[in-house]
Amino acid sequence: MTDRGLDDPEFDARSLRVIKAIGDGGSITAAAAALGYSQPAVSQQLKRLEARLGVAVVERVGRSVRLTEAGRVLARHAPAVTTALDAAAGELAELQGLRAGRVRLVGFPSASPTVVPRLLADLRQNHPGVTITYVEAEPPEAVEAVRADRADIALTFSYPGDRDDPHGSSASGLAVSAIGTDELLAVLPTGHPAAGSGVADMAALAGENWIAGCPRCRGHLLEVCGRAGFEPRIGFETDNFVAVEGLVAQGIGVATLPRMAVESFPLLPGIVTAPLPAAEARTIHVVTAHGAERVPAVRTTLAALARVLH
């Protein structure tokens, strides 16, 4: 037996089923009837297989045929091989029909109590076979997770003028798409003069003590205040949204928070929020490997994310 036959992509499940049926039925006629093929079709299949393998797989004995030693080898392995192929085909059909599929998602902290629950509810209703695994991470780490194939989709954000935008050189070679926006809010103590005046005037807050968030959020605060013509006097830094609200409620300072962060938990007593200009909103992105959208479960999850973010 030559290597040529074993490497041939047409050495397939059909050939193995034909050999097994001949071995079971003792004739080409019986094999054709068992498989639902015509007798000439089975004979042609045998001829092509023997030509590719370079060895006979059946031999005539009177009016019947029997398997040669090579045929018996194939017949012995046929059940395991065809069962495995059938199982693979069934699983692929499940994936193509979106009856099954697993997607590894990683997202930023304020998306965890806001976007992710809505995403899971959407998929449960519309595509219950799609399973999501979720890990929380800031955008730079989330992008790296996709690059290292630890995640299929990264849910990330960037701010206008972000000097450390994780969707720049660090995302080179990956697919990055804007999928929504998240309004930025000024967080103020109840009764603050800037509260209740519609869009917050950042310049009117120039004399306040400020509470900064995570390093990237702190950088954006400096950018926002710089565009308003002042440098903020930062007295406290914390990436705990509840702590920010608690400090503001006690009159320690003022802050900015994304709406998703504010919506993550009930607003604490003693604070109010006011939206900043729309130009200061952060952009929400999805990051994937190029071509990942061709995977049905990933494509479905991306569509569901777009729905819940609009």
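Remember, predicted model here, so these are calculated numbers, not experimental data.

**Q** Talk me through the environment of D201; I want residue IDs and the actual numbers.
**A** Structurally, D201 can be placed in the loop between β7 (184-189) and β8 (209-212). Each C-alpha atom, one on D201 and one on A186, is 9.2 Å from the other, the two residues being 15 residues apart in sequence. Here A203 takes part through its backbone nitrogen, which lies 3.2 Å from a polar atom of the side chain of D201.

**Q** So what's going on with the environment of A32? Residues and values would help.
**A** With respect to the element layout, A32 can be found in helix α3 (residues 28-35). When the C-alpha positions of A32 and V18 are compared, they lie 8.1 Å apart, and in sequence the two are 14 residues distant. Setting aside chain neighbours within four positions, we find A32 in contact with Y37, S38, Q39 and V42.

**Q** Tell me about the confidence of the model for the protein, and name the residues and values.
**A** Residues with a pLDDT of 70 or more make up 94% of the protein, whose mean pLDDT is 87. Put simply, helix α1 (residues 3-7) is where the protein has its lowest mean pLDDT, 43, and helix α6 (residues 115-126) is where it has its highest, 96.

**Q** Explain the pattern of salt bridges to me, using residue names and the numbers behind them.
**A** Per the counting criterion, the structure on display carries ten salt bridges. D149 is paired through a salt bridge with R104; the nearest N and O atoms lie 2.9 Å apart. Placement of D149 in the loop between α7 (139-147) and β5 (153-158) and of R104 in strand β3 (residues 101-107) is noted, with a sequence separation of 45 residues between them. For R259, the salt bridge identified is with E183, shortest N-O distance 2.6 Å. With R259 in helix α10 (residues 259-262) and E183 in the loop between β6 (174-182) and β7, this pair connects stretches of sequence that are 76 residues apart.

**Q** Pulling in residues and values, what's your account of the packing of aromatic side chains?
**A** For any pair of aromatic rings, geometry is given as the distance between the ring centres together with the angle between the planes. For the structure shown, the criterion picks out three aromatic pairs. Ring centres 5.6 Å apart and planes at 70° place the aromatic pair F157 and Y159 in the edge-to-face group. On the accessibility criterion, F157 (2% relative accessible area) is buried. Since its relative accessible area comes to 5%, Y159 is described here as buried. Over the aromatic face of F157 sits the side chain of R282, whose NZ or CZ is 4.4 Å from the ring centroid.

**Q** Pulling in residues and values, what's your account of the sheet that holds β7?
**A** What the three strands build is an open sheet, ordered β10-β7-β11; its pairing is antiparallel. Sheet topology places β10 (255-258) and β11 (271-275) at the edges, where each strand pairs with a single neighbour. Pairs of neighbouring strands in the sheet enclose a mean axial angle of 35°, with direction left out of account. As judged from the five bridges shared by β7 and β11, these two strands associate in the antiparallel manner.

**Q** Kindly report on the packing of helix α2 (residues 13-25) against α3, identifying the contributing residues and their values.
**A** Relative orientation of the contacting elements α2 and α3 amounts to 120°, with a least axis distance of 8 Å. Comparing the axis directions of α2 and α3 gives the class oblique. In this structure, α2 meets α3 at a crossing whose hand is right-handed. Contacts between α2 and α3 pair R17, V18, A21, I22 and G25 from the former with I28, A30, A31 and L35 from the latter. Partitioned by chemical class, the residues of the contact of α2 with α3 number seven nonpolar, one polar and one charged.

Criteria and cut-off values
- Residues numbered from 1 in each chain as written.
- Predicted model: local features only at pLDDT ≥ 70, side-chain atom pairs only at ≥ 80, totals over all residues.
- Heavy atoms only, no water.
- Helix = DSSP H or I, 4+ residues; strand = E, 2+ residues; numbered from the N terminus.
- Polar contact = N/O pair within 3.5 Å; in protein donor to acceptor, adjacent residues only side chain to side chain.
- Contact = heavy atoms within 4.5 Å.
- pLDDT = per-residue confidence, 0-100.
- Salt bridge = Lys/Arg side-chain N within 4 Å of Asp/Glu carboxyl O.
- Phe/Tyr/Trp six-rings, centres within 6.5 Å; stacked < 30°, edge-to-face > 60°.
- Buried < 20%, exposed > 50% of the residue type's maximum accessible area, 1.4 Å probe, protein only.
- Lys NZ or Arg CZ within 6 Å of the ring centre and 35° of its normal.
- Pairing = 2+ DSSP bridges.
- Axes fitted to C-alpha atoms, helices over the stretch in contact; angles between N-to-C directions.
- Parallel < 35°, antiparallel > 145°, perpendicular 65-115°, else oblique.
- Left-handed = near helix turned anticlockwise from the far one by under 90°.
- Nonpolar A, V, L, I, M, F, W, Y, C, P; charged D, E, K, R; others polar.

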